Amino acid sequence: MNGPRAGGEDLPPYARALGIVLDRIEHGVPVLACDPSSRIEGRPGFFQGGALAGLLEMAALEAVRADLGRREAALPVIKPINVSIQFMRNGDLVRTFATGRVVRAGRRLANVTAEAWQEDRGRLIASVWMNVKLG
Amino acid sequence: MEQARTLAAEFMARLAGEPFDPRLMAAMIGNWGHTGWLGLRYHGHGADWMELALPWRDELVGDAQSGVLASGPIVSMMDMVTSMAINQKLGRNAQLVTIDLRVDYTRAAQPHRTVIGRGECYKLTRSIGFVRGVAYDESLDDPLAHVAGSFMIVDGVAA
């Protein structure tokens, strides 16, 4: 979870294995996507909640990296302190997107949220907030 | 893939509402979908708690340099094991939906170690199950993460 990355590229092994990719950069923030496969399926026919949590966390961390990349010459180590996930709707087996928003980033701590959606961006299926330690 | 999904759906439909068998359910989720890919295995159970194991694997690493497991697989395991603790306390396979789950990372996981997740259901109402739990790799007394959450018991009100 460290190294000189601007966000979105070179995702960790877990994210790559799960099929998480960078879909696009939107206003400087990575939008991640995950296509359906047996690796993310939960109750037959639905996106598994834990896999969704993994996608959301990755989006939150990438948002922090993108933010730090604009402000710092070298990226500090980013360590999650806590994460809270809320599930709003069942996820279908379709391409699922997630992007994060840094609410506040100081020198030692960043507060970040992330949201996930499928076909309709206005219908969120899950969200997280995360607090991460920097350095 | 399609055949496996049909089988899994049929298996779950048959188990719905039936007495909860922790080992059978662990075998099911350990061989299907996301939880099967993670490699979750049965580790233990009691009257209101359940334990699953998440064996270390390089595909599940979140930081290639340190070799420490990513947060995502641990969250997935804790979501699954706390929901199983509700089923265990209810004594049947209920239809559960996660409302929320909070994870506090109290220390780093050890590289190359199997992580054990323990979920406990500490309160049931007619429609909500409240859970807490820990993830640990060596001793239950030295958790790497604590969790708290709640689940909707979809088929709970009329039961």
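Residues numbered from 1 in each chain as written. Chains lettered and ligands numbered in written order. Predicted model: local features only at pLDDT ≥ 70, side-chain atom pairs only at ≥ 80, totals over all residues. Heavy atoms only, no water.

On to the nonpolar core, then. Grouped together as the largest cluster of nonpolar side chains are 80 residues, with contacts concentrated most on Ile20 of chain A together with Leu52 and Met84 of chain B. No other element matches the 12 residues that helix 2 (residues 49-71) of chain A contributes to this core. Listed in part, the 5 residues of the second largest apolar core include Ala33, Phe97, Trp117 and Leu124 of chain A. (Core = buried A, V, L, I, M, F, W, Y, C linked by side-chain atoms within 4.5 Å. Buried < 20%, exposed > 50% of the residue type's maximum accessible area, 1.4 Å probe, protein only. Helix = DSSP H or I, 4+ residues; strand = E, 2+ residues; numbered from the N terminus.)

Here we take up the pairing of strand 6 (residues 115-124) of chain B. Residue and element names in this part refer to chain B. By the bridge criterion, 6 bridges tie strand 2 (residues 49-54) to strand 6 in an arrangement that is antiparallel. Within strand 6, the position partnered with Met50 by the bridge is Gly119. Where strand 6 and strand 7 (residues 128-136) come together, 8 bridges link them in antiparallel fashion. Note on strand 7: the bridge partner recorded for Leu124 is Gly129. Here strand 6 folds back onto strand 7 in antiparallel fashion, the turn holding 3 residues. (Pairing = 2+ DSSP bridges.)

With that out of the way, let us pick up the pattern of salt bridges. Considering all chains together, one arrives at 20 salt bridges over all chains under this definition. Across the pair Arg107 of chain B and Asp137 of chain B runs a salt bridge whose closest N-O atoms are separated by 2.7 Å. Of this pair, Arg107 of chain B sits in the loop between strand 5 (96-105) and strand 6 while Asp137 of chain B sits in the loop between strand 7 and strand 8 (145-153), and the two are 30 residues apart along the sequence. The closest approach of N and O atoms between Glu120 of chain B and Arg132 of chain B, which form a salt bridge, is 3.2 Å. One end of the pair, Glu120 of chain B, is in strand 6; the other, Arg132 of chain B, is in strand 7, with 12 residues separating them in the sequence. One network of salt bridges, with partners in common, ties together Asp23, Arg24, Glu26, Asp35, Arg95 and Arg121 of chain A. (Salt bridge = Lys/Arg side-chain N within 4 Å of Asp/Glu carboxyl O.)

By themselves these figures say nothing about function.
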